Amino acid sequence: MAFSGTYAEFVAKFQADNLAADMGKLELKVDEGSHPYSRMYNRMIIKNIVGAQDEGLSLVGQTISIGGWVKSGRPAEKDQLCFLEVNDGSHPKSLQVLVRAEMCNISEIKAAGCCVVLEGEIKKSPPEAKGQVVEMHATKLKEFGKCDAKSYPLPKKKSTLEYLRSVSHMRARTNTISAVARIRNALAWATHKFFQENNFLYIHTPIITCSDCEGAGEMFQVTTLLSGAEGAATPPTPEELAAAKAKVDVAGEAVKTAKGGEDKSAVKPAVNGLLKAKEELKGLEEKALVVGGIKRTPGGEVDYTEDFFGKKAFLTVSGQLQ
């Protein structure tokens, strides 16, 4: 098959044709605006509802599926129904979903943090409703992940950034952190798109360096030496070292005496005693170099020869600019 064009155009067409063929084999029936990877439920992301130009009015009367986490639940009519604020992280605004008691346990589904997949009809919100144009009237609860409201770490009120650092695995569900994540995503995508369109090649540069090339400030050090700091033995005291050295001196004098005496059979035990005293002194001196579980050089500096990299290593950002 002949193809006229550049090699890059040929590769792009080849990949597109293969993708189209694969999608055809899967026989996916994905409605416009739904998430192509949500094959099980043909789920529509909330951004395509509340974030649309008409804020979802064009979807009124349609039955769709949405999924996400319950940000808040408000029971009404003596727990016969409940208004849920459901968000999937795709947009700052949540979608209000009306669920009825015959579908589920209202006391459980109203809890913040619950995971739900719902099917229902999009309807225009009543005039008295503020801040929303459409809402969903749920007809089917496809999936429900229960959450204990007492132990859920994110309160309904705004939390401080200091507190969110203590629950970093959950903070992406908050408005502030999710907004930051979406902005970073957009900036990263725009940056990659620009360089790809201008024939730059994206590579992974080293993030660990042995060179302090930042120019200012302190670098983050990478080391395995700290693992030995936990449960480290107490180093010998100066008195213990002095006693060991004195023992070596005494053993040395004993060797001299044995060699100068008439009983030559006493030389070997004296030498063995000297060797043993020197070995004990050497062990104490090596232990004395270990301060806080980290071995030092005789000059008092950290001995990096036993580190993973064999020398001081740091995290770097300079490599990403090369």
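*Asks:* Explain the overall build of the chain here, please?
*Replies:* Secondary structure assignment for the chain yields 7 helices and 10 strands. Within the chain, the proportion of its 322 residues that are buried is 27%. Of the roughly 22400 Å² that the chain leaves accessible, carbon and sulfur atoms contribute 56%.

*Asks:* How should the sheet that holds strand β6 (residues 208-209) be read in this particular structure?
*Replies:* Paired through their backbone hydrogen bonds, the strands of a sheet run either parallel or antiparallel. Read across the sheet, 3 strands follow the order β6-β10-β7 without closing on themselves; strand pairing throughout is antiparallel. What marks the edges here is a single partner per strand, and that holds for β6 and β7 (221-222). Judged from the 2 bridges that link them, β7 and strand β10 (residues 313-315) form a sheet pairing that is antiparallel. Paired with Val-222 across the bridge in β10 is Ala-313.

*Asks:* Looking at this structure, I do not really get a nonpolar patch on the surface. What am I missing?
*Replies:* Taken together, the side chains of Ile-207, Ile-208, Phe-220, Phe-308, Phe-309 and Leu-315 present a nonpolar region at the surface, about 640 Å² in accessible area. Its location among the elements puts Ile-208 in strand β6.

*Asks:* I would appreciate a short explanation of the confidence of the model for the chain in the present structure.
*Replies:* Summary statistics for the chain give a mean pLDDT of 80 and a share of 82% for residues scoring 70 or more. Looking over the chain, one finds the lowest element-wise mean pLDDT in helix α1 (residues 7-26), namely 52, and the highest in helix α5 (residues 175-197), namely 93. In this model, residues 21-32 is a region of pLDDT below 50 whose contacts with residues beyond four sequence positions or in other chains number 10 contacts.

*Asks:* Help me understand the packing of aromatic side chains, please; the structure alone is not making it clear to me.
*Replies:* Given two aromatic rings, their pairing is described by the distance between the two centres and the angle made by the two planes. One pass over the structure, following the stated rule, counts 3 aromatic pairs. Centroid distance Phe-194 to Phe-195: 5.2 Å. Interplanar angle 75°. Geometry classified as edge-to-face. A relative accessible area of 36% means that Phe-195 is categorised as partly exposed. Seen from their ring centres, Phe-195 and Phe-200 are 5.0 Å apart, and the 85° between their planes marks the pair as edge-to-face. Each member of the aromatic cluster is reached from another via a ring pair, and the members are Phe-194, Phe-195 and Phe-200.

*Asks:* I'm lost on the packing of helix α6 (residues 238-260) against helix α7 (residues 267-288) in this one. Help?
*Replies:* Packed helices, taken two at a time, are described by the angle their axes make and the gap between the axes. Two numbers describe how α6 lies on α7: the axes approach to 8 Å, and their chain directions differ by 160°. One finds that α6 runs roughly antiparallel with respect to α7. Crossing geometry of α6 relative to α7 is assigned as left-handed. Across the interface between the two elements, Glu-240, Leu-241, Ala-244, Lys-245, Lys-247, Val-248, Ala-251, Gly-252, Ala-254, Val-255, Ala-258 and Lys-259 of α6 pack against Val-267, Ala-270, Val-271, Gly-273, Leu-274, Ala-277, Lys-278, Glu-280, Leu-281, Leu-284, Glu-285 and Ala-288 of α7. Residues that form the contact of α6 with α7 fall into these classes: 15 nonpolar, 2 polar and 7 charged.

*Asks:* I would appreciate a short explanation of unusual backbone geometry in the present structure.
*Replies:* Backbone phi values are negative for most residues with the exception of glycine, while trans is the configuration of most peptide bonds. The backbone of Lys-78 sits at a positive phi, close to 55°, despite the residue not being glycine. For Lys-78, the location among the structural elements is in the loop between β1 (63-76) and β2 (81-87). Lys-78 sits in the exposed class, given a relative accessible area of 81%. In this structure, Asp-79 is a non-glycine residue whose phi angle is positive, near 65°. Tracing the sequence through the fold places Asp-79 in the loop between β1 and β2.

*Asks:* How should the pattern of salt bridges be read in this particular structure?
*Replies:* Pairing is possible between side chains of opposite charge, provided their charged atoms come close. In this structure the tally under the stated criterion is 7 salt bridges. The residue Asp-88 makes a salt bridge to Arg-43 at a minimum N-O spacing of 3.5 Å. Of the two residues, Asp-88 is situated in the loop between β2 and β3 (95-100) and Arg-43 in the loop between α1 and α2 (47-50); the sequence distance between them amounts to 45 residues. What makes Asp-88 buried here is its relative accessible area of 16%. The residue Lys-295 makes a salt bridge to Glu-306 at a minimum N-O spacing of 3.3 Å. Taken together, the positions of Lys-295 in strand β9 (residues 294-295) and Glu-306 in the loop between β9 and β10 put the pair 11 residues apart, joining distant regions of the chain. Exposure remark for Lys-295: the relative accessible area of 30% places this residue in the partly exposed category.

Cut-offs and rules
Residues numbered from 1 in each chain as written. Predicted model: local features only at pLDDT ≥ 70, side-chain atom pairs only at ≥ 80, totals over all residues. Heavy atoms only, no water. Helix = DSSP H or I, 4+ residues; strand = E, 2+ residues; numbered from the N terminus. Buried < 20%, exposed > 50% of the residue type's maximum accessible area, 1.4 Å probe, protein only. Areas by Shrake-Rupley, 256 points an atom, 1.4 Å probe, with all protein chains shown as cover. Pairing = 2+ DSSP bridges. Patch = residues over 30% accessible without salt bridge, like charges linked within 9 Å, V, L, I, M, F, W, Y side chains within 5 Å. Salt bridge = Lys/Arg side-chain N within 4 Å of Asp/Glu carboxyl O. pLDDT = per-residue confidence, 0-100. Contact = heavy atoms within 4.5 Å. Phe/Tyr/Trp six-rings, centres within 6.5 Å; stacked < 30°, edge-to-face > 60°. Axes fitted to C-alpha atoms, helices over the stretch in contact; angles between N-to-C directions. Parallel < 35°, antiparallel > 145°, perpendicular 65-115°, else oblique. Left-handed = near helix turned anticlockwise from the far one by under 90°. Nonpolar A, V, L, I, M, F, W, Y, C, P; charged D, E, K, R; others polar.

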